[in-house]
Amino acid sequence: MAPTGPGEAGADLTGKIRTLAEVVKTVPDGAHVALGGFAIARNPIAVVHELIRRNKRNLTLSQGVAGLDTDLLVGAGAVRHLIIGGGSLDRFGPVHCVNRARETGSLVYEDWTSLSICFRYLAGALGLSFIPIKSLIASEILARLEGGAGSDQVKAMQCPFTGEPYVALKALVPDICFLHVQIADAEGNCRILGPRWDNEEQAKAAKRIIVVAEEIVPTDEIRREPERTIIPGHRVEAIIHQPFGAYPASVFGCYDYDANHLKLYVEHARDPARVFDYIDKYILGSSDHWAWLAKAADMRQLSALKAERNLGY
Amino acid sequence: MAPTGPGEAGADLTGKIRTLAEVVKTVPDGAHVALGGFAIARNPIAVVHELIRRNKRNLTLSQGVAGLDTDLLVGAGAVRHLIIGGGSLDRFGPVHCVNRARETGSLVYEDWTSLSICFRYLAGALGLSFIPIKSLIASEILARLEGGAGSDQVKAMQCPFTGEPYVALKALVPDICFLHVQIADAEGNCRILGPRWDNEEQAKAAKRIIVVAEEIVPTDEIRREPERTIIPGHRVEAIIHQPFGAYPASVFGCYDYDANHLKLYVEHARDPARVFDYIDKYILGSSDHWAWLAKAADMRQLSALKAERNLGY
Amino acid sequence: MAAAGARELKDGETVVVGIGLPQVACFLAKATHAPGLTPLLEIGVANMQPKDTPVGLADSRIFYRATCWSGFLDVMGMNLHRGLVDTGFLGALEVDRFGNINTTLSRQGGKVRYFNGSAGGNDVASLAKRVIIIMRHERRKLPVAVSHLTSPGFPGGKSRAESGLRGGGPHRIITDKAVLGFDGETRTARLISVHPGTSFEEVAANTGFPLRRPDDLAETPLPSAEQLRILREEIDPKSVYLGQAI
Amino acid sequence: MAAAGARELKDGETVVVGIGLPQVACFLAKATHAPGLTPLLEIGVANMQPKDTPVGLADSRIFYRATCWSGFLDVMGMNLHRGLVDTGFLGALEVDRFGNINTTLSRQGGKVRYFNGSAGGNDVASLAKRVIIIMRHERRKLPVAVSHLTSPGFPGGKSRAESGLRGGGPHRIITDKAVLGFDGETRTARLISVHPGTSFEEVAANTGFPLRRPDDLAETPLPSAEQLRILREEIDPKSVYLGQAI
């Protein structure tokens, strides 16, 4: 049987390769957006900046462990409802904007755990409307969910066979997942290098998957090692090719985080007034991701962050 | 931080590399054994032969789609209770021994579906005592399970949030999973090339994982591409190094199935009397897997089956 | 049959196929009007380019040069159970008037003979948005009621929602004599077209459940010359699957 | 602290660690009496060999040269939730007498300040066979009851089974002054040993919940010379994590 099908040469035969601006235009205010970053790794920063430039509002945002991506969106006032398992910028500090928003009550929030968020995405990905879990039990996390914004998302239940107590979690089905990966082809087949946290379940739970890739490879390259495809292309709506698209966060195998810029961000983020200085200068003051890169770092700085072949960072 | 930990040289520092005979001795009669094969691909034939040589009895056997491995064990009379989603030897024929056993009632059997078996393993792997599914509904498969050997494994239930009807499946937790893979290291880290059917969920559901590997590589090689590790070594109890260990079934990237031998097997298997001729001659008549290979095929035949580098078969 | 199957597939769809004619139908569609079709195999394969002559789902030849190798959990869990598979192709020992499928057993004079069972069949029938059954047209294979309901169509003539089933259920039965669909109200199989060279009478005589002659009985279109060329030269040059039944 | 943590780990165990002292304790054990230890990171890492100075769980330096990179579902689902993790290390803003952990918020004069929340903390506390908490010993960090029960120890002094919790709960609190365990009946924290250079009185004065002086109060053993050498030369040559608190 002879090979059939498009995409052999890596050309955009499926028409899925888009610009950041084209894709972000299609995100409605109020959408439930899931971000694939973890703390300061593989965050879809290019997308987040563009969402802020386009002044998106009233987003619901879900993520396992909120990082720089979510902190920026919350800081910019784009988020109305936050669903997270935790949050951190690793040793650079806490997610100041997220924490402040919780303190001032400027958004609705649900605090979960990493595994319960992952299980909720897993249920969404599998088309299950619910999934049981043994986390959360006897905690104030559960009590607050039950008494607050998560009240219709959790329910005590028992195993129909053993009677064992569980917490039933409602499936989490984001409208759009933005996933930053190292490698994709023009059909949207994605490889993720390094640990994947809840990226596979999160992306496959979403109604629309948008991939930002550091590198676009020919589909022939994907066909050489199809075991490495974590998200199959037919699930992906659009691919954005954006080198350094997670900067100043890190992308394993591509580049390290920029410690200096992260410190600068945290200095701004800890102060509610100065967050907007940062957003004005770096995000609104840059017409696109290339302009942002030019503003934040010069080629010498970016080259210094480039991953060493053997270390991957 | 300096590297620590054993296994750098691929030497058996963890003491997990065992012979077939050593491992099979530890399988008690009556154990629940899960086999990782699918039809005529990556079946743990070396293990099955040794289970037959050791005259194991009263096994419970579970598998997504029963193939040559299960048909042999059932034909040898080793199985008391069969839990499968389907069965096939692809175009070489049906699983004659399995089908005959169901017809004559010589064993207890539960007929499921591929996805329901996979979901049951998934629940086992995740430590969930149950999982809901939307398959089986309104089928005679479900009616027969409810009225037969699966009566305590299925239960109608509703989503606690939406009220949607589901079938609750009880988790499937095999005592031992035998998984045939292309590549493992001495710690048990496994790569599986080609499609993986329910291998990951099945193995991780089991209390004990035994791996049969075509090739043992140094742990350094595993550390070069840790994304490819499907079963992490700490979950694996023992690794058996057995080239051509799935013969006459195929192992993608290593060797093709032996069509001539499969035809010969099916000729025997379709006849209840001749099955034992096959078992006597080829299995009981061989002291171990090397002797079996010598009896079934010569080096010219095995070389002809060797996978072409580019095709993988 | 392959051409009739291909005709049912739209560009951009996701399709779970099996070995044989479903696979041929899918690749014919992909090579002609539906280049953006994604074929999936239940074992964990997306967008393969089969080569030589695979003997089954587990044969390395059928999953050659795929763009993704995963497992049941991805293809059947995160696509089929998630409700993302547009069309599932199924074969059958028997299909009854409600599109219920038997792949488990036959009864001949009180004696039961077992076959392969469900594998992914019940899952596809339960969960795909629409199911296309491809089979030979024989009276005993198209009974009023199946001997064993392995995979549900419209059990008891009930709606899928009433049965608690998620997918849309059977859409077409494509045989070597005719194409059948399902009546929206009675949910029973009805004739859509008969293939050139046969007739309503011949089809009805070879069907175990009653068939009405539709007012607008059509003749199944012949494959185009280009379709025939692609089938014979590219997809199945050894005529393994096609035989006479194109 | 690192040596006291390492002492709790047996060879062959599976351990979920975090950045910092837990990681140091785990690698100290692995380099000495427990070479077959498997360290896991919740993000999807097994058996890594950290290099240079990672800033957190998401830093490529901490998952360097692992033998498996997977995700939450493998490490936290198929190990932790499956009941296969022997020891989970956790840090804390506050730990109370029942071993309940707060990592979510602090209350200072009616004002609430939020911190990182649970991430995998609640999951580890709920599911690991035993939990070891490593933290600085301060009166306000060891209150009678936590301000927010993020991760359960023995809530309300009840047994884990009575609460419906699967894992074994808190086993040790290791601080820079002492090692605490839990009473089998009252499920309250009790003193096991005080570190050299401090005293029962000093520890009790710096603990927010009441502590009894045990009849057999021990002194925490000092790290051996070999342990110190490994810590200083191999695991943390830059003294990033250790400071004075070995």
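Here is what the cut-offs are and how they apply
Residues numbered from 1 in each chain as written. Chains lettered and ligands numbered in written order. Predicted model: local features only at pLDDT ≥ 70, side-chain atom pairs only at ≥ 80, totals over all residues. Heavy atoms only, no water. Helix = DSSP H or I, 4+ residues; strand = E, 2+ residues; numbered from the N terminus. Rg over C-alpha atoms; globule rule 2.2 N^0.38 Å. Contact = heavy atoms within 4.5 Å. Areas by Shrake-Rupley, 256 points an atom, 1.4 Å probe, with all protein chains shown as cover. Buried area = accessible area lost by both parts, 1.4 Å probe. Salt bridge = Lys/Arg side-chain N within 4 Å of Asp/Glu carboxyl O. Polar contact = N/O pair within 3.5 Å; in protein donor to acceptor, adjacent residues only side chain to side chain. Domains from an automatic or database assignment. Pairing = 2+ DSSP bridges. Axes fitted to C-alpha atoms, helices over the stretch in contact; angles between N-to-C directions. Buried < 20%, exposed > 50% of the residue type's maximum accessible area, 1.4 Å probe, protein only. Right-handed = clockwise from strand over helix to strand, strands pointing away. Left-handed = near helix turned anticlockwise from the far one by under 90°. Nonpolar A, V, L, I, M, F, W, Y, C, P; charged D, E, K, R; others polar.

**Thoughts on the overall build of chain C**
Summing up its helical and strand segments, chain C has seven helices and 14 strands in all. Scaling as 2.2 N^0.38, a compact globule of 246 residues should have a C-alpha radius of gyration of about 18 Å, and chain C matches this with 17 Å. Residue pairs in contact within chain C that sit at least 24 positions apart in sequence constitute 62% of those at least 6 positions apart. Carbon and sulfur atoms provide 49% of the accessible area of chain C, an area that totals close to 8300 Å².

**Section: the interface of chain B and chain D**
Facing 31 residues of chain B, the contacting portion of chain D comprises 31 residues. Contact between chain B and chain D buries roughly 2600 Å² in total, counting both sides, with carbon and sulfur atoms accounting for 54%. Our enumeration of links across chain B and chain D arrives at two salt bridges. When the shortest N-O distance is used, the salt bridge between Asp-220 of chain B and Arg-65 of chain D registers 2.8 Å. In this assembly, chain B and chain D are joined by 15 residue pairs in polar contact (both at pLDDT 80 or more).

**Quick notes on the pattern of salt bridges**
All chains considered together, the criterion is met by 56 salt bridges over all chains. Between Glu-138 of chain C and Arg-136 of chain C there is a salt bridge, with its nearest N and O atoms 2.4 Å apart.

**Digging into the domain arrangement of chain A**
Interface size is often expressed as the accessible area that is lost when the parts come together. Residues and elements named next belong to chain A. Segmentation of chain A into domains returns domain 1 (20-113 + 173-305) and domain 2 (130-170). Contacts between domain 1 and domain 2 engage seven residues on the former and nine residues on the latter. In this assembly, domain 1 packs against domain 2 so that about 580 Å² is buried in total across both faces, 75% of it on carbon and sulfur atoms. Looking only at domain 1, the three residues that lose the most surface to domain 2 are Glu-110, Trp-112 and Thr-113, adding up to 74% of its buried area.

**Comments concerning the sheet that holds strand 8 (residues 165-170) of chain B**
Residues and elements named next belong to chain B. Read from one edge of the open sheet, three strands run 6-8-7, paired in antiparallel fashion. Lying at the two open borders of the sheet, with one neighbouring strand each, are strand 6 (130-133) and strand 7 (154-158). Across the sheet, the mean angle separating the axes of adjacent strands is 35 degrees when strand polarity is ignored.

**A few points about the pairing of strand 4 (residues 79-84) of chain B**
Residue and element names in this part refer to chain B. With respect to burial, strand 4 is a largely interior element, five of its six residues being buried. Bridge analysis of strand 3 (residues 59-63) against strand 4 gives five bridges, and the strand direction is parallel. Bridge assignment links Gln-63 to a residue of strand 4, and that residue is Ile-84. The β-α-β motif built from strand 3, the intervening helix 3 (residues 68-75) and the parallel element strand 4 has right-handed crossover chirality. Sheet topology note: the strand 4/strand 5 (residues 108-111) ladder contains four bridges and is parallel. Across the sheet, the residue bridging to Leu-82 is Tyr-109, located in strand 5. For the segment spanning strand 4, helix 4 (residues 96-104) and strand 5, crossover handedness is right-handed.

**Describing the packing of helix 3 (residues 68-75) of chain A against helix 9 (residues 259-269) of chain A**
All names here are of chain A. Across the interface, helix 3 lies against helix 9 with an axial gap of 12 Å and an inter-helix angle of 35 degrees. The element helix 3 and its partner helix 9 pack so that their crossing is left-handed. Contacts between helix 3 and helix 9 pair Leu-68, Asp-71 and Leu-72 from the former with Leu-262, Tyr-265 and Ala-269 from the latter. Its residues assigned to classes, the contact of helix 3 with helix 9 shows five nonpolar, no polar and one charged.

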